Amino acid sequence: VHVVESGGGLVQPGGSLRLSCAASGFTFSSYGMSWYRQAPGKERELVADITSSGGTTDYADSVKGRFTISRDNAKSTVFLQMNSLKPEDTAVYYCKAWRLVWSYWGQGTQVTVSS
């Protein structure tokens, strides 16, 4: 099983980034997918998730209206489009695949929002 995030980097406040998470080794279309983040000194928090079909999404209040989660089951990839970024969005962003009692995590990608 592999879950690999990419697309992080340094961006100015108000800017945008698109994170990708490529998965392999399991039936991607049967798994829900989530994005989490962890800032220094803070606990990991759920940012957004999407059901296996992509029909339902949910967001943390702190990112509603700014972030969009989507998935491409043909490419076994989930995305997180992040707009209007703020310094408080700075964190390591992790991708998680979940189904029943199983879950798989990626290694994370750093997002830094700073001028």
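Residue positions are given per chain, counted from 1 along the sequence in the order it is written. Only residues with pLDDT of at least 70 get local features here, since the model is predicted, and only at 80 or more are side-chain atom pairs given and counted; chain-wide, interface and lining totals rely on the full set of residues. Side-chain measures were taken over the full set of non-hydrogen atoms in the model, leaving aside hydrogen atoms and water.

Asker: Honestly, the state of the cysteines in this entry has me stumped. Any pointers?
Answerer: In protein chemistry, a disulfide is the covalent bond that joins the sulfur atoms of two cysteines. The disulfide criterion is simple: two cysteine sulfur atoms within 2.5 Å. Inspection of the entire model under this criterion finds one disulfide. A sulfur-sulfur distance of 2.1 Å marks the disulfide that ties C21 to C95. Where C21 bonds to C95 through sulfur, the torsion about that S-S bond is close to -85 degrees, and the disulfide is left-handed. One end of the pair, C21, is in strand β3 (residues 17-24); the other, C95, is in strand β9 (residues 91-99), with 74 residues separating them in the sequence. The rule is simple: take the accessible area with a 1.4 Å probe, protein chains only, and divide by the maximum for that residue type; under 20% is buried, over 50% is exposed, in between is partly exposed. C95 gets classed as buried once you look at its relative accessible area, which sits at 0%. Helix numbers and strand numbers start at the N terminus; a helix is a DSSP run of H or I with at least 4 residues, a strand a run of E with at least 2.

Asker: Honestly, the sheet that holds β3 in this entry has me stumped. Any pointers?
Answerer: Hydrogen bonding along the main chain pairs the strands of a sheet, whether they run parallel or antiparallel. A pair of strands is considered paired only if DSSP assigns at least 2 bridges between the two. Strand order in this open sheet of four strands is β1-β3-β8-β7, and the pairing throughout is antiparallel. Pairing within the sheet leaves two strands with one partner each, and these edge strands are β1 (2-6) and β7 (67-72). Averaged over all pairs of adjacent strands, the angle between strand axes in this sheet comes to 15 degrees, irrespective of strand direction. Relative to strand β8 (residues 77-82), β7 runs antiparallel, the two being bridged by six bridges. Bridging across to β8, S70 finds its partner in F79. Lines fitted to C-alpha atoms define the axes here, with helix axes fitted over just the stretch in contact, and angles between the N-to-C directions of these axes take values from 0 to 180 degrees.

Asker: Got a minute to help me understand the pattern of salt bridges in this structure?
Answerer: Any two side chains of opposite charge can pair, on the condition that their charged atoms come close. The working definition used for a salt bridge is a side-chain nitrogen of Lys or Arg within 4 Å of a carboxyl oxygen of Asp or Glu. Under the counting rule described, the total for this entry stands at four salt bridges. Measuring nitrogen to oxygen at the nearest pair gives 2.7 Å for the salt bridge that ties R37 to E45. Between R37 and D89 there is a salt bridge, with the nearest N and O atoms lying 2.9 Å from each other. Of the two residues, R37 is situated in strand β4 (residues 32-38) and D89 in the loop between β8 and β9; the sequence distance between them amounts to 52 residues. There is no split in this pair, since R37 and D89 are both buried.

Asker: Can you walk me through a nonpolar patch on the surface in this structure?
Answerer: Only residues whose relative accessible area exceeds 30% and that form no salt bridge enter a patch; like-charged residues are grouped when within 9 Å of one another, and nonpolar side chains (Val, Leu, Ile, Met, Phe, Trp, Tyr) when within 5 Å. For every accessible area listed, the method is Shrake-Rupley and the probe measures 1.4 Å; residues are considered covered only by the protein chains on display. Residues L100, V101 and W102 make up a contiguous nonpolar surface patch of roughly 390 Å² in combined accessible area. The topology assignment puts L100 in the loop between β9 and β10 (102-105). With a relative accessible area of 73%, L100 lands in the exposed category.

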